[in-house]
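Examination of the molecular architecture
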Amino acid sequence: MKKPAWVIDKERTKRAAAAETVWLFGLHAVRDALVNPARTKLRLVLTKNATDKLVEAIAASGIAPEIVDPRKFDSHVPLAQDSVHQGAALEVKPLDWGKLGDVALTGAGAPLVVLLDRVTDPHNVGAVLRSAEVFGARAVVAPLRHSAPETGALAKTASGALERQPYLRITNLADAMRELQEMGYVLLGLAGEAEMTLAEGLAQAGSRPVGLVLGAEGPGLREKTRETCDFLVRIPFAGGFGSLNVSNAAAVSLYATVNR
């Protein structure tokens, strides 16, 4: 009997995920990954200088490094030419943070999550992860498609937060939003044209768990995402410019939420 198309697609996605690896680079990102016991580490490529700076992390990781000539480093690892690797690169498997329901209900930190709607820039997502860790959010959530995957550039911008801050990529954002609402979360969508301010939206949420929903710069939140939010809110601006990039908007919103 022929398998249904959806079963074939699911199996293909599962095989692709199993085969996926990520190259992290830069002393900070590599060090944090080496000492993270949850990371599956496959290959460590270092210059002698980088090895000397990562002695303790290498010992903790249990992986033997390949020491290479710094002049030939780029020929040993598949990194972009503009990658600031500092003589350190580590091939790893993406982290598995488990199910959204488990993390959102019982995860570490405040009952607060950030949801990203088609934010594809790894530098923006890395900065959001860093802010989420600083302000104690339980997770950053993004769709599998049309979002920034776990990459070396994202890890470097996150400055170590990728190893500690749950970053869950889910199949359908609207479904994840409804799942959070069923858990008692109030979802506040950031939209510049909204009538309600962020402070007013947080007042409506009261002491309930909060999900902050942010869209990509330019397009903003998709229509389905807007419809699924409990409230659309805006960050009030003093001047006429009135715009923040998504990572700055996330930082401001997180600060306001934890200090409500």
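Our structure is the block above this text.
Residues numbered from 1 in each chain as written. Predicted model: local features only at pLDDT ≥ 70, side-chain atom pairs only at ≥ 80, totals over all residues. Heavy atoms only, no water.

Section: the overall build of the chain
- Per the secondary structure count, the chain includes 11 helices and 11 strands.
- Expressed as lengths along the three principal axes of its C-alpha atoms, the size of the chain is roughly 60 × 60 × 35 Å.
- Expressed as a percentage of the 260 residues in the chain, the buried residues total 46%.
- When contacts within the chain are restricted to residue pairs at least 6 apart in sequence, long-range pairs at least 24 apart make up 78% of them.
- Summed over all atoms, the accessible surface of the chain reaches about 13,400 Å², with 53% contributed by carbon and sulfur.
- Side-chain charges of the chain comprise 30 positive and 28 negative groups, with the mean position of each set lying 4 Å from the other. (Helix = DSSP H or I, 4+ residues; strand = E, 2+ residues; numbered from the N terminus. Buried < 20%, exposed > 50% of the residue type's maximum accessible area, 1.4 Å probe, protein only. Contact = heavy atoms within 4.5 Å. Areas by Shrake-Rupley, 256 points an atom, 1.4 Å probe, with all protein chains shown as cover. Lys, Arg positive; Asp, Glu negative; His and termini not counted. Charge placed at Lys NZ, Arg CZ, Asp CG, Glu CD.)

Some details on the sheet that holds strand β1 (residues 22-25)
- Overall, mixed pairing links the four strands, which are arranged β1-β4-β2-β3 in an open sheet. One side of each edge strand has no neighbouring strand; the edge strands of this open sheet are β1 and β3 (66-67).
- Across four bridges, β1 lies against strand β4 (residues 88-92) in antiparallel orientation. Within the sheet, the bridge partner assigned to F25 lies in β4 and is A89.
- Sheet contacts for helix α2 (residues 27-34): β1, β2 (41-46) and β4; angle to β4, the most-contacted strand, approximately 40 degrees. (Pairing = 2+ DSSP bridges. Axes fitted to C-alpha atoms, helices over the stretch in contact; angles between N-to-C directions.)

Observations concerning the pattern of salt bridges
- Enumeration over the complete set of coordinates arrives at 10 salt bridges.
- The partner of K48 in a salt bridge is D52, with the nearest N and O atoms 2.9 Å apart. A residue pair is termed a helical-turn pair when its members lie 3 or 4 positions apart in one helix, as K48 and D52 do in helix α3 (residues 48-53) at four residues.
- Judged by its relative accessible area of 52%, K48 falls in the exposed class.
- One salt bridge connects D69 with R71, and the closest N-O pair in it is separated by 2.8 Å.
- Overlapping salt bridges, with partners in common, bring together D32, E133 and R164 in one network. (Salt bridge = Lys/Arg side-chain N within 4 Å of Asp/Glu carboxyl O.)

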